Amino acid sequence: MAELRCEVTDYDGPARWRWVLTGPGGRFLGDHEVRLDETDWQYEAFTDLRAYLLWHTAPDRRMEQETRIVAEVGAWLGEQVFGPLGAAMVRERPATVRIVVPAEARTLAFRPFELAHVDGRPLALRNVTLVTQVGTERTSPTKGVRDRLRVLGLFSLPTGHRPLNLRRERQALSRLFQEIAAVHGRAVDVRVLQYGATRERLREILEEDEGWDIVHISGHGEPGELLLEHADGSADPIDAADLTDLLDLARERLSLVSLSSCWSAALTAAEQLRLLKLTPPPALADERSTGTAAPDRPTAALATELADRLDCAVLAMRYPIIDDFAIDLAEKLYGLLAEKAQPLPRALGTALRQVVRDPPTPACPPLSVATPALFGAHAVDLRLAAPRRTESESYAPWRLKLAGFPAQPERFVGRVGVMARSSSALAPRSGSSGVLLHGMPGAGKTACALELAYTHEDVFERLVWFKAPDEGRDITDALTRFAIQLESALPELKFAHLVDDADRLDPFLPRLTELAERRRLLIVADNVESLLTGSGEWRDPRWRAVVAALTDHSGLSRLVLTSRRLPEGLDRRIGVEPIDALPLDEALLLARELPALNRLLEGTVEGIEADAARRLAARVVEAAQGHPKLLELAEGQASDPNRLRDLVTTAGDAWRETSVLPERFFTTGAADATGDDYLHALGAWTRSLIGGLAPAERDAFFFLCCLEEDDRIDPVLESTWDLLWADLGRPARRRCPGRSLGTMTGSPWRTRSDAYSRVHAIPRWRRTSGTRSTVPWWSLCCTISASTYRRTNEQRPDRRAGRRRRHRGVASRAGAAGRPGGRRLAAGDGAARRRGRGGRPWAGRAGSGRHSGGARPYGAGAPRRGRRRDPRPRRAGHRHPARGAGALRPRHARRGRAGAAGVPDRYPPRTRSREGLDVQAAHQAARRLLRRQAAQSALRGISQTLTPDPIGSSEPVRFSTNAGRVRI
């Protein structure tokens, strides 16, 4: 790649100087006298192009007018500023041109020379990359990558400032370098800092002796400075001198600093409101409405100071950058640098040609081509290829700290103050022992907890995730399952066998407190409102004791709770953070993240005029009142504008029933609704959606609402639908219309996959609305259909490996859902298997310290060594007491018959009673009763059937009206 030098000489002001262009070895290529007319409008745009575009474009025609102005300024630059030198540069392509500016001409370093046109196209897109250098050259040794490439990402977004989608950029950066390391075998170390990006935290990271090769800084900025955060999330402006002093800690190794100042999102919020024919509230006023003058000190001044003092290359954004463009550019650039080993100028030029759109789009506006700029002498030939990994990668399971955690939310917008304060509470010396995130349904409590866990993975030794049962479900084994989760993350911990024995649990809790104080653990307990009464008291007093033990310290571990209600008696060291609705600017940012709503906002929906589409989008944002789930519901219906209008009307009527004026959301910038008001609107919207479904789709939705979470898998849905259809007396067989419900859920219908099948999900608040809309006999049909399916599959002998594995997976889920402590037995917990007498697994009551041992899943048959043997000799017709009525059946038929609906097969003889329950016969009897339209008689008849519980007593089988399983 040719290296050219274009030097400013004979400088006589910002409109008069002379260029001298030389090639390799000092070969003279030409010169050009620059004489600009300061009265031309192009010269005004050249000195501050962003401000000129802001003042000379209309919101409803912004893209068209910006494209025209930028093209005209580019042609003027090519003719007046570079003259014949532009064509000479293109002839030498691919070329890197070092723009050398003397100190007295520093202001020229901030001009968008990359826009200069040659043959109708900008230099930046003609394989010519400009590198600006202020002052004379310095000779210093080249910094190179050592044994691994180290990258630090800093993402700062203080509260009270315009919202940005830095999370997407952070995830894209982390994912890129992880792929480079895992797929291409490169040695890469990536660290990201977001939420609580304070000077103190940045200093701690920069003080690491190993140093950093790349520091990527993204966030809000003002001319000549960046905005970091205080511990409470408020803005902390840091100028060039202070930032340079901080980064000087890594000067020895630092090769590249990337500065990205993203002002664009909030400007788009104000512009977006104008496009919707609405007046932005004062909080969203931008430069156009306030009349703020253009800054005297350009943002690029920060870049030149960093390059001079740190002796490194700087990639700075000359103008505010759009989130989508910033993400695409960073992915392409760092991929070419770290994986393809290209020099920095060539990598930037290649990335620009790939990400710049022609014609321009809202995600890549016309000014994007001149936004990235390189500064510093070292940028000309800088290479930052990640070296090959020499050490083998560790596959130790304990290194996978986030195993068992749900996937990160696809979208996460705002919550800056909450996340910053919560991150501060998670710091080692914060004095806090945990955080409680509480608020209304669907506001994003779980998303905030997951975001905290994923962004703090590196600062905790172990992380534990626990989800409490949904409200209305059985919680008797919840503490046992919580203990199992702790044991899974901490194999040395012996805790689960103590939870049912108060005499042994109480003496153990001080040790649990000491463990939390001395070790760095992050424990996240989601959905704990199901463990609380309406007044906030713990329904199970053991939970109060365990939570107190985990928070009664000022040590290293932290507990994060999410709940709709405030628990009583929490330790004062637990910070309480309310999760409310999004303000207007963040709601607009989330709406733009949703593809269908974004098309409405932009007025690009087929079959509807642009103004009509934007008016509908405004009504949607108004009806949602900043509630994330309402926006997602609208996204699911946005493909049908007529249906969406009906839903918006329903939501508006629901708001007015609560005395909330939806239109105030646009005038104040924030909603004034309460949690009950939002629940009322959510319920009205959901009922309207259900009413608009076809009968089969409505039945499928009710069916899923009545199933347990672990039963919402493909095999259960596909095979049980026929049984349910027959139970309901429908006239003809219909295929389960699960896919068509994706629009109703407002999110992808198939959300994740486990080891055996795809899992379907419905949010808790929407499932509650669906369950309340059903009747007891309907839920009973769902119960019988799902339970019969599980029992049938558990008894099915299938020698084909693939199908056998699939059925064992269903049986494993069924066993976990259908009996006390089944989740623990299905998980095959290693610590539990080792806890039997003499190291031998022993089948006993869940939670008693004697657990089923085999590594096989529930329903696949118990290991023979885990069964008790009868010392009496076997004889023909003898039924082994430990095997029950099925002892004479062939071994392959007996395998796995202990399913969710059957009597447990692994319990010892003394825990079995003579009254065995024939669940299949009960199912058949219930069906006969249902077909005779006697639902209530069926409920009473089945509830009178007796079955032994695991400890030998007899209790009735109860069919829960909102569960898809048989409870024993």
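Calculation criteria
- Residues numbered from 1 in each chain as written.
- Predicted model: local features only at pLDDT ≥ 70, side-chain atom pairs only at ≥ 80, totals over all residues.
- Heavy atoms only, no water.
- Buried < 20%, exposed > 50% of the residue type's maximum accessible area, 1.4 Å probe, protein only.
- Helix = DSSP H or I, 4+ residues; strand = E, 2+ residues; numbered from the N terminus.
- Arc of directions from axis to C-beta.
- Axes fitted to C-alpha atoms, helices over the stretch in contact; angles between N-to-C directions.
- Parallel < 35°, antiparallel > 145°, perpendicular 65-115°, else oblique.
- Contact = heavy atoms within 4.5 Å.
- Nonpolar A, V, L, I, M, F, W, Y, C, P; charged D, E, K, R; others polar.
- Pairing = 2+ DSSP bridges.
- Salt bridge = Lys/Arg side-chain N within 4 Å of Asp/Glu carboxyl O.

- With an unreviewed UniProt entry as reference, the protein is termed CHAT domain-containing protein, source organism Actinoallomurus liliacearum.

## What about helix α7 (residues 240–247)?
Line of reasoning, step 1. Listed as buried for α7 are A240, L243, T244, L246 and L247. The buried side chains of α7 occupy one side of the element, clustering within an arc of 160° when seen end-on.

## What to know about the packing of helix α19 (residues 595–602) against helix α20 (residues 610–624)
Line of reasoning, step 1. The contact between α19 and α20 brings their axes to 6 Å, and the two run at 125°. With respect to their mutual orientation, α19 and α20 come out oblique. Across the interface between the two elements, L597, L600, L601 and E602 of α19 pack against A613, R614, L616, A617 and V620 of α20.
Line of reasoning, step 2. Its residues assigned to classes, the contact of α19 with α20 comprises seven nonpolar, no polar and two charged.

## Section: the pairing of strand β12 (residues 225–229)
A regular strand places its side chains on the two faces of the sheet in alternate fashion.
Line of reasoning, step 1. Of all five residues that make up β12, four are buried, and the element is covered over most of its length.
Line of reasoning, step 2. The sheet contact formed by β12 and strand β13 (residues 235–239) spans five bridges and is antiparallel. Directly across from L228, in β13, lies its bridge partner D236.
Line of reasoning, step 3. Connecting β12 to the antiparallel partner β13 that follows it, the hairpin turn spans five residues, and G233 within it adopts a positive phi of roughly 95°.

## What to know about the pattern of salt bridges
Line of reasoning, step 1. Overall, the coordinates contain 46 salt bridges when judged by the stated rule.
Line of reasoning, step 2. For D242, the salt bridge identified is with R199, shortest N-O distance 3.6 Å. Of the two residues, D242 is situated in helix α7 and R199 in helix α6 (residues 199–206); the sequence distance between them amounts to 43 residues.
Line of reasoning, step 3. Residue classification places D242 among the partly exposed positions, given a relative accessible area of 32%.
Line of reasoning, step 4. The partner of D571 in a salt bridge is R573, and the shortest N-O contact between them spans 2.9 Å. The residues D571 and R573 share a single accessibility class, namely buried.

## Quick notes on the sheet that holds strand β2 (residues 16–22)
Line of reasoning, step 1. The eleven strands are arranged β3-β2-β1-β4-β7-β16-β15-β14-β10-β8-β9 in an open sheet whose pairing can be described as mixed. Strand pairing shows two members of the sheet lacking a second neighbour, β3 (28–35) and β9 (188–194), which therefore form its edges. Taking each pair of neighbouring strands and ignoring which way they run, the sheet shows an average axis angle of 20°.
Line of reasoning, step 2. As paired elements, strand β1 (residues 2–9) and β2 share five bridges and run antiparallel to each other. Bridge pairing in β2 places R5 opposite T22.
Line of reasoning, step 3. In the packing of α6 onto the sheet, the strands contacted are β8 (149–156) and β9, and the crossing angle to β9 comes to about 165°.
Line of reasoning, step 4. Along the sheet face, helix α11 (residues 323–339) touches β8, β10 (214–219), β14 (256–261), β15 (313–317) and β16 (372–375) and points at about 170° away from the line of β14.

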